[in-house]
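For reference, the chains in residue letters:
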Amino acid sequence: MAEFCLTCWNELNQTNLTEQDVRISKDPDLCEGCASWQPVVESYRGGLSRLLKMLFPKIFH
């Protein structure tokens, strides 16, 4: 699975997620976006409906 820091994840997916929206790794990992060692996004918090609202805000409002 690809590992991205929150900043690179947001740039890649054109989102504005915060640390409250996702689970961040406790240990640093190599971000595949910026190639630096830092905590990366592990998963989304909340259910599928919250994920869809974050990724497609114009459709699910």
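Residues numbered from 1 in each chain as written. Predicted model: local features only at pLDDT ≥ 70, side-chain atom pairs only at ≥ 80, totals over all residues. Heavy atoms only, no water.

## A look at the packing of aromatic side chains
The geometry of an aromatic ring pair is captured by two quantities: the separation of the ring centres and the angle between the planes. For the structure shown, the criterion picks out two aromatic pairs. Here phenylalanine 4 and tryptophan 9 contribute two aromatic rings whose centre-to-centre distance is 6.4 Å and whose plane-to-plane angle is 50 degrees, an arrangement assigned as tilted. Aromatic pair tryptophan 9 and tyrosine 44: ring centres 6.1 Å apart, planes at 65 degrees, arrangement edge-to-face. In this pair, tryptophan 9 is assigned in helix α1 (residues 6-13) and tyrosine 44 in strand β4 (residues 41-44), connecting sequence segments 35 residues apart. In this structure, tryptophan 9 and tyrosine 44 share a single accessibility class: buried. (Phe/Tyr/Trp six-rings, centres within 6.5 Å; stacked < 30°, edge-to-face > 60°. Helix = DSSP H or I, 4+ residues; strand = E, 2+ residues; numbered from the N terminus. Buried < 20%, exposed > 50% of the residue type's maximum accessible area, 1.4 Å probe, protein only.)

## Quick notes on the nonpolar core
Of all hydrophobic cores here, the largest spans 12 residues; its members are Phe4, Cys5, Leu6, Cys8, Trp9, Leu17, Val22, Cys31, Val41, Tyr44, Leu51 and Met54. Mapped onto this core, the elements with two or more residues apiece are α1, β4 and α2 (48-55). Looking at this core, the element that brings in the most residues is α1, giving three residues. (Core = buried A, V, L, I, M, F, W, Y, C linked by side-chain atoms within 4.5 Å.)

## Considerations on α1
Buried residues of α1: Leu6, Cys8, Trp9 and Asn10, and no others. Those residues of α1 hidden inside the fold are in contact with β1 (22-24) and β4. Within two residues after α1, glutamine 14 carries a phi angle of roughly 50 degrees, on the positive side. (Contact = heavy atoms within 4.5 Å.)

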